[in-house]
Amino acid sequence: MERTLFEPEHLLFRESYQKFLEQEVAPNHDKWEEQNIVDREVWKKAGEQGFLGMDVPEEYGGGGVEDFRYNAIITEETTRGGFSGVGFMLHNDVVAPYLLKLANEEQKKRWLPGFCSGEIITAIAMTEPGTGSDLQNIKTRAVRDGDHWVLNGSKTFITNGINADLVVVVACTDPDKGAQGFSLLVVERGMEGFERGRNLDKIGLKAQDTAELSFTDVRVPAANLLGEEGMGFIYLMQNLPQERMSIAVVAAAAMESCLEMTMQYVRDRKAFGKPIGSFQNTRFVLAELATETTAVRILVDKFIEQLNDGKLTVQEAAMAKWWTTEAQVKLIDRCLQLHGGYGYMREYPIAKAYMDSRVQTIYGGTTEIMKEIIGRGLNLS
Ligand SMILES: Cc1cc2nc3c(=O)[nH]c(=O)nc-3n(C[C@H](O)[C@H](O)[C@H](O)COP(=O)(O)OP(=O)(O)OC[C@H]3O[C@@H](n4cnc5c(N)ncnc54)[C@H](O)[C@@H]3O)c2cc1C
């Protein structure tokens, strides 16, 4: 399908990012999958070449262009290459908006140059061992003590958790106030009492560090409060739609690349003396998957435009998140089936895509929670 979303400058950006992936990521990714973490060096190289903080103003070392299409290009190309270890999406699409919209001048000067150069790797910590979907039930607590907040609690499943130098932590600062009692605190590498637990052993996304974090009487300077005290939950609700769109961008790109690799496979693989692509079942399965991939692409591109124009609603982002990721998981399962036994072998990219994709319907808000959000907007009762 011809895409009309991009201008010539985006195409140049895409080419230069593809070159970066070829040179700096492709030769290392297998090693990173084995070690369950990428080398920090790749972040610095991405920073040097302008792939971190594209929308951060130039005065802080960023690209100075507020245009989500650049973020989408990075996510698409990373996904198409199967380079699921590099956590640039989390850094650029998920954490950057918090720093850009909420940080004061002093904080911006302190954090954004490192964010853009790749010296400061970021993460966001909402989920806890006892609660994920029900965010209002988090137990991590921060109590004010003079010029500091004293932070206690633990988080889990945190993307970039081992490599992160700066973690936006969601903490309860006033347990009596319900949703109005949450605040965002920036915890930095080296703060006493901030420990990293296990780098979690996942079924996919093997090169990405996903970790447990714990906070024991961490004295976080009051100057590290992001935005206003008590507004944390509202900030999360404002920023989650962009995170959900980024996950939908992954879904569309993964569907396209898995469909392409499967079409090639069924042309080459023979059974009963002919290519398996010549069987009616193969044609029908791929016809359905090609239709669904096109539908997902149309929706994702339309919603990227809306996001760029500030017009993507919370409900629309939830629609994109659940529908595209469920379609992705289904497509990859069907594509793996068409690969036969080879589809089950890790050396085949479809097997890796299968393992990497499964989490898509879970993180960033599960399919069920997305349907709750959409359902609430339908005013049914
Ligand atoms: C690889 C990976 C990376 C992640 N990265 C991050 C990160 O960087 N930062 C971060 O904060 N979190 C991260 N997460 C956490 C992720 O967002 C949560 O796992 C997710 O929100 C679900 O929460 P949970 O695991 O506690 O599941 P639960 O909330 O316990 O849900 C379990 C099941 O119950 C269902 N359920 C729950 N409530 C309802 C309801 N009201 N109605 C119907 N069904 C319901 C869910 O849909 C799900 O099927 C990551 C997770 C993974 C696996």
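Residues numbered from 1 in each chain as written. Predicted model: local features only at pLDDT ≥ 70, side-chain atom pairs only at ≥ 80, totals over all residues. Heavy atoms only, no water.

What is the right way to look at the packing of aromatic side chains in this model?
Two numbers describe a pair of aromatic rings. These are the distance of the centres and the angle of the planes. This model, assessed by the stated rule, comprises 11 aromatic pairs. Seen from their ring centres, F13 and F51 are 5.5 Å apart, and the 70 degrees between their planes marks the pair as edge-to-face. Taken together, the residues span a long stretch of sequence, with F13 in helix α1 (residues 8-25) and F51 in the loop between α3 (41-48) and α4 (68-80) at a distance of 38 residues. Each of the two residues, F13 as well as F51, counts as buried. Seen from their ring centres, F194 and F215 are 5.4 Å apart, and the 15 degrees between their planes marks the pair as stacked. With F194 in strand β6 (residues 194-199) and F215 in strand β7 (residues 210-221), this pair connects stretches of sequence that are 21 residues apart. (Phe/Tyr/Trp six-rings, centres within 6.5 Å; stacked < 30°, edge-to-face > 60°. Helix = DSSP H or I, 4+ residues; strand = E, 2+ residues; numbered from the N terminus. Buried < 20%, exposed > 50% of the residue type's maximum accessible area, 1.4 Å probe, protein only.)

Would you mind showing me how to read the pattern of salt bridges here?
Side-chain pairs of opposite charge can arise whenever the charged atoms involved come near each other. Taken as a whole and judged by the stated rule, the model has 28 salt bridges. Here E33 makes a salt bridge to K352, at a shortest N to O gap of 3.4 Å. Taken together, the residues E33 in helix α2 (residues 29-35) and K352 in helix α10 (residues 349-357) connect sequence positions 319 residues apart. Using a relative accessible area of 18% as the deciding quantity, one classes E33 as buried. Take K352: its relative accessible area is 21%, and that puts it in the partly exposed class. (Salt bridge = Lys/Arg side-chain N within 4 Å of Asp/Glu carboxyl O.)

Can you walk me through the site of the ligand in this structure?
The immediate surroundings of the ligand are formed by 18 residues, with T127, S133, F157, T366 and E368 found nearest. The protein chains hide 65% of the 980 Å² of surface that the ligand would expose on its own. When residues of the shell around the ligand are traced back to their parent elements, those giving at least two are β1 (122-125), β3 (148-159) and α11 (367-376). Broken down by element, the residue count for the shell around the ligand peaks at three residues, all from β3. Partitioning the shell around the ligand into residue classes produces nine nonpolar, seven polar and two charged. Three or more residues apiece are contributed to the shell around the ligand by two domains, here domain 2 (123-230) and domain 3 (234-376). (Near = heavy atom within 4 Å. Areas by Shrake-Rupley, 256 points an atom, 1.4 Å probe, with all protein chains shown as cover. Nonpolar A, V, L, I, M, F, W, Y, C, P; charged D, E, K, R; others polar. Domains from an automatic or database assignment.)

Explain the pairing of strand β2 (residues 141-145) here, please?
Each regular strand carries side chains that alternate between the two faces of the sheet. Direction of pairing for β2 relative to β3: antiparallel, over a ladder of five bridges. Within β3, the position partnered with A142 by the bridge is L151. Where β2 folds back on β3, the antiparallel hairpin that results is connected by two residues, among which G146 adopts a positive phi of roughly 65 degrees. (Pairing = 2+ DSSP bridges.)

It is not clear to me how the domain arrangement of the chain should be interpreted in this structure. Could you clarify?
By a widespread convention, an interface's size corresponds to the accessible area lost as its parts come together. Taken as a whole, the chain is organised into domain 1 (8-120), domain 2 (123-230) and domain 3 (234-376). For domain 2 and domain 3, the distance between their C-alpha centroids amounts to 31 Å. Between domain 2 and domain 3, the buried area comes to about 990 Å², and carbon and sulfur atoms account for 71% of it. If you sort the residues of domain 2 by the area they bury against domain 3, S133, I203 and L205 come out on top, with a joint share of 42%. In this assembly, domain 2 and domain 3 are joined by two residue pairs in polar contact (both at pLDDT 80 or more). Its residues assigned to classes, the side of domain 2 that touches domain 3 comprises eight nonpolar, three polar and two charged. (Buried area = accessible area lost by both parts, 1.4 Å probe. Polar contact = N/O pair within 3.5 Å; in protein donor to acceptor, adjacent residues only side chain to side chain.)

Hey, could you run me through the layout of surface pockets in this one?
Gaps between atoms show up when a probe of the same size as a water molecule is rolled over them. Looking at the second largest pocket, its volume works out to about 490 Å³. Taken together, 19 residues make up the lining of the second largest pocket; nearest its centre are E66, P97, K101, Q242 and L307. Listed by contribution, the elements that provide at least two residues to the lining of the second largest pocket are α4, α5 (88-102), α7 (232-268) and α8 (280-308). Top element by residues in the lining of the second largest pocket is α7. It accounts for four residues. The residue makeup of the lining of the second largest pocket, split by class, is eight nonpolar, six polar and five charged. Both domains that meet at the lining of the second largest pocket, namely domain 1 (8-120) and domain 3 (234-376), each give it at least three residues. (1 Å grid on protein atoms, 1.4 Å probe; cavity = no way out; pocket = protein on both sides within 12 Å on 5 of 7 lines; lining within 4 Å. Points joined across faces, edges and corners; volume = space filled by probe spheres on them.)

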